[in-house]
Amino acid sequence: MIRIITVDASAVIRSIEKQIFSSCNDFNFLCSVSDYESLISECKKNIPDIVIISSDIDDLKKSVKTLTTELNIPVVIFKSENYSSQGWNSVTEIDKPDFVSMSSKKINDFLTEFCLICKNLIDKSKCSFYKNDNVILPKKNDFKILLIGVSTGGPKSLKTLLESFDKDFPVPILITQHIDYNFDKNMVAWLDSEVSIP
């Protein structure tokens, strides 16, 4: 289940979103808030997987910056017609759904598609180095090596992580994997065929 917090200035919209997201087995609706202070407090207390923010709220930029850079929580912005895209990392912007006028079937279709969007955003936020002003990437002289340790069940996550690195990643990468001795060559061959890091 995807743990979500929603943010909207309208109490009516917050109530509708609570009802809709609570009715879907893919989502665990944690709470809904209307302002920055409540949002940050609830995020620190509940640790959501995703925060859904209406583009109409006050302190939108401050909220997104705190969530994505300080708390490492991905954000979905439900954008209104007058909203201009900001090009943020760890943020997906979609048109604000008009739940009031949508049929039950359209709401279910939306939730199915939205669940996939959220899962992809969560995966991306857990496994990517973002190149923006708020995140400092290692430079060649900052670190001599990157060591990654994974255990049983880790190869898929390791593959996802390695795929997120640029081909010119600035330092050598060493991987330690808790696996059977006979499996190591197969894993090396598999990673070599799946990931294009030299």
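Residues numbered from 1 in each chain as written. Predicted model: local features only at pLDDT ≥ 70, side-chain atom pairs only at ≥ 80, totals over all residues. Heavy atoms only, no water.

Before going further, it helps to spend a moment on the overall build of the protein chain. Looking only at helices and strands, one finds six helices and seven strands in the protein chain. Evaluated residue by residue, the protein chain yields a buried proportion of 37% over its 198 residues. For the protein chain, the share of sequence-separated contacts (at least 6 apart) that also reach a separation of at least 24 residues comes to 66%. Of the roughly 12,100 Å² of accessible surface on the protein chain, 50% is carried by carbon and sulfur atoms. (Helix = DSSP H or I, 4+ residues; strand = E, 2+ residues; numbered from the N terminus. Buried < 20%, exposed > 50% of the residue type's maximum accessible area, 1.4 Å probe, protein only. Contact = heavy atoms within 4.5 Å. Areas by Shrake-Rupley, 256 points an atom, 1.4 Å probe, with all protein chains shown as cover.)

Quick reminder: α-helices carry 3.6 residues per turn. Residues three or four places apart thus point the same way. Looking at helix α3 (residues 60–70), one finds that the buried residues are L60, S63, V64, T66, L67 and T68. Where α3 is buried, its residues meet α2 (36–46), β3 (50–54), β4 (75–79) and β5 (91–95). Looking one or two places after α3, you find N72, whose phi comes out positive at around 55 degrees.

Bringing the sheet that holds strand β2 (residues 27–33) into the picture now. Taken in spatial order, the five strands of this open sheet run β2-β1-β3-β4-β5, and their pairing is parallel. Edge positions in the sheet fall to β2 and β5, since each of these pairs with one other strand and no more. In this sheet, adjacent strand axes meet at a mean angle of 20 degrees when their direction is disregarded. The sheet contact formed by β4 and β5 spans five bridges and is parallel. Note that in β5 the partner of I77 across the bridge is E93. Packed on one face of the sheet, helix α1 (residues 11–22) meets β1 (2–7), β2, β3 and β4 and runs near 170 degrees to β2. Where α2 meets the sheet, it contacts β1, β2 and β3, and its direction lies at approximately 145 degrees from that of β2. (Pairing = 2+ DSSP bridges. Axes fitted to C-alpha atoms, helices over the stretch in contact; angles between N-to-C directions.)

Okay, unusual backbone geometry next. Trans peptide bonds make up the majority, and among non-glycine residues the majority have a negative phi. For D59, which is not a glycine, the phi torsion comes out positive at approximately 60 degrees. For D59, the location among the structural elements is in the loop between β3 and α3. Here the phi dihedral of N72 falls at roughly 55 degrees; this positive angle occurs in a residue that is not glycine. In this structure N72 comes out as partly exposed when scored by relative accessible area, which is 48%.

All quantities given are derived from atomic positions and should not be read as evidence of function.
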